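Listed below, chain by chain, are the residues.
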Amino acid sequence: ADCRYTCHQECRSLIQLDCRRPGPCQSQLSPESTLLPPCSQNVTQTVEEEKPKPPTIQEIKQRIEKYNAKVTNCLLMKLNDDGTYTGFIKVHLKLRRPVTVPAGIRPQSIYDALKEVNLADMTDKRTSFYLPLDAIKQLHISSTTTVSEVIQGLLKKFMVVDNPQKFALFKEMRKDGQVLFQKLPLTEYPLYLRLLAGPDTDVLSFVLKENETGEVEWDAFSIPELQNFLMILDKEEKDKIQQVHRKYERFKQRLQQTLKEARGKPG
């Protein structure tokens, strides 16, 4: 009752509890009251969160009508006969690091887009390029388009050949004067989130950023990129060593100057 510890009967002999703090479990409950039946009796029932039911076509139609009534431009959503719908989302690109693009390739034309020509496959030469800070790209997608497909579509439009795992799509929300970011799972449907939030981008907007997972996925980088990381780390290490040397060299000079001035003086 106090520490909420539970175990199976066959595990009881293996458990050693250090209950030094007096609590209800010591005064009111016996050890047997904290035991569960054996594992074979199916005691570990997982409590699953009740998932919301998918909206019906009629509910989707009502939401789309409500959404389109708030649209101030021509970027409306359209409901299809099969219950799917299409619409537009805007994605802000907030990338701090350069991306890898083909070298010497002309911008993609309308003809290339219609013929699905992949210009990146025309050359093996690569170069680094900084995308404009906070650039905005508008995408026409379907309700079945996932976050993973949105990321791949954005990279294809900018002819970025980096591994899509390096990037993540976030939803940006404003609440109580604060800007909140939440990373979206790859299986999420951005257009459905847009439909629920409405067309106001101050309520919800999408942002493409680096995939900061806390653990670097080294498999997503090529050998030249990894070698470049090593060169950068080596340079940073040498710069840090020089800074430490200069710091203590200045300290040594001040100490020698102080000793020189103190010679011959009492004390």
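Residues numbered from 1 in each chain as written. Predicted model: local features only at pLDDT ≥ 70, side-chain atom pairs only at ≥ 80, totals over all residues. Heavy atoms only, no water.

Where an unreviewed UniProt entry is consulted, the protein appears under the name Ras association domain-containing protein 5, with the organism given as Tachuris rubrigastra. On record in UniProt, under Subcellular location (unreviewed entry), the comment for the protein is "Cytoplasm, Cytoskeleton". (UniProt positions renumbered as here; feature names shortened; annotations may be inferred.)

Which parts of the structure should I look at to understand a nonpolar patch on the surface?
Together, Val 244, Tyr 248, Phe 251, Leu 255 and Leu 259 line one region of the surface with nonpolar side chains, adding up to about 500 Å² of accessible area. Mapped onto the secondary structure, Val 244 falls in helix H6 (residues 223-262). (Patch = residues over 30% accessible without salt bridge, like charges linked within 9 Å, V, L, I, M, F, W, Y side chains within 5 Å. Areas by Shrake-Rupley, 256 points an atom, 1.4 Å probe, with all protein chains shown as cover. Salt bridge = Lys/Arg side-chain N within 4 Å of Asp/Glu carboxyl O. Helix = DSSP H or I, 4+ residues; strand = E, 2+ residues; numbered from the N terminus.)

Is there a simple way to think about a positive patch on the surface in this case?
Taken together, the side chains of Lys 240, Arg 246, Lys 247, Arg 250 and Arg 254 present a region of like positive charge at the surface. With respect to the element layout, Lys 247 can be found in helix H6. (Lys, Arg positive; Asp, Glu negative; His and termini not counted. Charge placed at Lys NZ, Arg CZ, Asp CG, Glu CD.)

Is there a simple way to think about unusual backbone geometry in this case?
Across the chain, the bulk of peptide bonds are trans and the bulk of non-glycine residues have phi less than zero. Its identity as a non-glycine residue notwithstanding, Met 159 has a phi of 55 degrees, on the positive side. Topologically, Met 159 is positioned in the loop between helix H4 (147-157) and strand S8 (167-175). Residue classification places Met 159 among the buried residues on the basis of a relative accessible area of 17%. (Buried < 20%, exposed > 50% of the residue type's maximum accessible area, 1.4 Å probe, protein only.)

Looking at this structure, I do not really get the pattern of salt bridges. What am I missing?
Working definition: two side chains of opposite charge can pair if their charged atoms are close together. Applying the stated criterion across every chain, the model contains five salt bridges. A salt bridge links Lys 94 to Glu 172; the nearest nitrogen and oxygen atoms lie 3.6 Å apart. Of this pair, Lys 94 sits in the loop between strand S4 (85-93) and strand S5 (99-102) while Glu 172 is found in strand S8, placing the two residues 78 residues apart along the sequence. When its relative accessible area of 27% is taken as the criterion, Lys 94 is described as partly exposed. Here Arg 174 and Glu 172 are joined by a salt bridge, their closest N and O atoms 3.1 Å apart. One network of salt bridges, in which partners are shared, links Lys 94, Glu 172 and Arg 174.

Help me understand the confidence of the model for the protein in this model?
Detailed conclusions should not be drawn from predicted coordinates in areas where pLDDT is low. Per-residue pLDDT for the protein has a mean of 77; in total, 70% of the residues score no lower than 70. Low pLDDT, under 50, characterises residues 23-37; the predicted model gives this stretch 24 contacts beyond four residues in sequence or across chains. Across residues 39-49, where pLDDT falls below 50, the model places six contacts with residues more than four positions away in sequence or in other chains. (pLDDT = per-residue confidence, 0-100. Contact = heavy atoms within 4.5 Å.)

Would you mind showing me how to read helix H5 (residues 190-197) here?
Because each turn of an α-helix spans 3.6 residues, side chains separated by three or four positions end up pointing in the same direction. Every buried residue of H5 is accounted for by Pro 190, Leu 191, Leu 193, Arg 194 and Leu 195. Here the buried face of H5 lies against helix H2 (57-70), S4, strand S7 (135-142), H4, S8 and strand S10 (205-210). One or two residues past the end of H5 sits Gly 198, with phi positive at roughly 90 degrees.

Would you take a moment to explain the pairing of S5 for this structure?
Across a regular strand the side chains alternate sides, sitting on one face of the sheet and then on the other. Here S5 shows two buried faces, one formed by Val 99 and Val 101 and the other by Thr 100 and Pro 102. As paired strands, S5 and strand S6 (residues 126-129) are joined by four bridges and run antiparallel to one another. Bridged to Val 101 within S6 is Thr 127. (Pairing = 2+ DSSP bridges.)

I tried to follow the environment of Lys 209 on my own but got confused; where do I start?
Mapped onto the elements of the fold, Lys 209 is located in strand S10. Judged by relative accessible area, Lys 209 falls into the partly exposed class, the value being 25%. Note: C-alpha distance between Lys 209 and Ala 168 (41 residues apart in sequence) is 5.6 Å. Filtering out sequence-adjacent residues up to four positions away, Lys 209 remains in contact with Lys 94, Leu 95, Lys 166, Phe 167, Ala 168, Phe 170 and Phe 181.

It is not clear to me how the packing of aromatic side chains should be interpreted in this structure. Could you clarify?
How two aromatic rings sit relative to each other is given by the distance of their centres and the angle of their planes. Tallied over the entire structure, the rule returns zero aromatic pairs. For the cation-ring pair, Lys 137 lies above Phe 158, with the distance from its terminal atom to the ring centre recorded as 5.8 Å. (Phe/Tyr/Trp six-rings, centres within 6.5 Å; stacked < 30°, edge-to-face > 60°. Lys NZ or Arg CZ within 6 Å of the ring centre and 35° of its normal.)

When you look at the nonpolar core in this model, what are you seeing that I'm missing?
Soluble globular proteins: nonpolar side chains tend toward being buried together. Core analysis: the largest hydrophobic core is formed by 30 residues, its most contacted members being Ile 89, Val 91, Phe 167, Leu 169 and Phe 206. Elements with a minimum of two residues in this core: H2, S4, S5, S7, H4, S8, H5 and S10. With five residues, the single largest contributor to this core is H4. Not counting residues within four places of it along the chain, the set of residues in contact with Ile 89 comprises Lys 137, Gln 138, Leu 139, Ile 141, Val 150, Pro 190, Leu 191, Arg 194 and Phe 206. (Core = buried A, V, L, I, M, F, W, Y, C linked by side-chain atoms within 4.5 Å.)

Any chance you could explain the packing of H2 against H5 here in plain terms?
When two helices pack together, their arrangement is given by the angle between their axes and by how far apart the axes lie. In contact at an axis separation of 9 Å, H2 and H5 are set at 65 degrees when each is read in the N-to-C sense. Where H2 crosses over H5, the two elements pack in a sense that is left-handed. Contact residues: Ile 60, Arg 63, Ile 64 and Tyr 67 in H2; Tyr 192, Arg 194, Leu 195 and Leu 196 in H5. For the contact of H2 with H5, the per-class residue count stands at six nonpolar, no polar and two charged. (Axes fitted to C-alpha atoms, helices over the stretch in contact; angles between N-to-C directions. Left-handed = near helix turned anticlockwise from the far one by under 90°. Nonpolar A, V, L, I, M, F, W, Y, C, P; charged D, E, K, R; others polar.)

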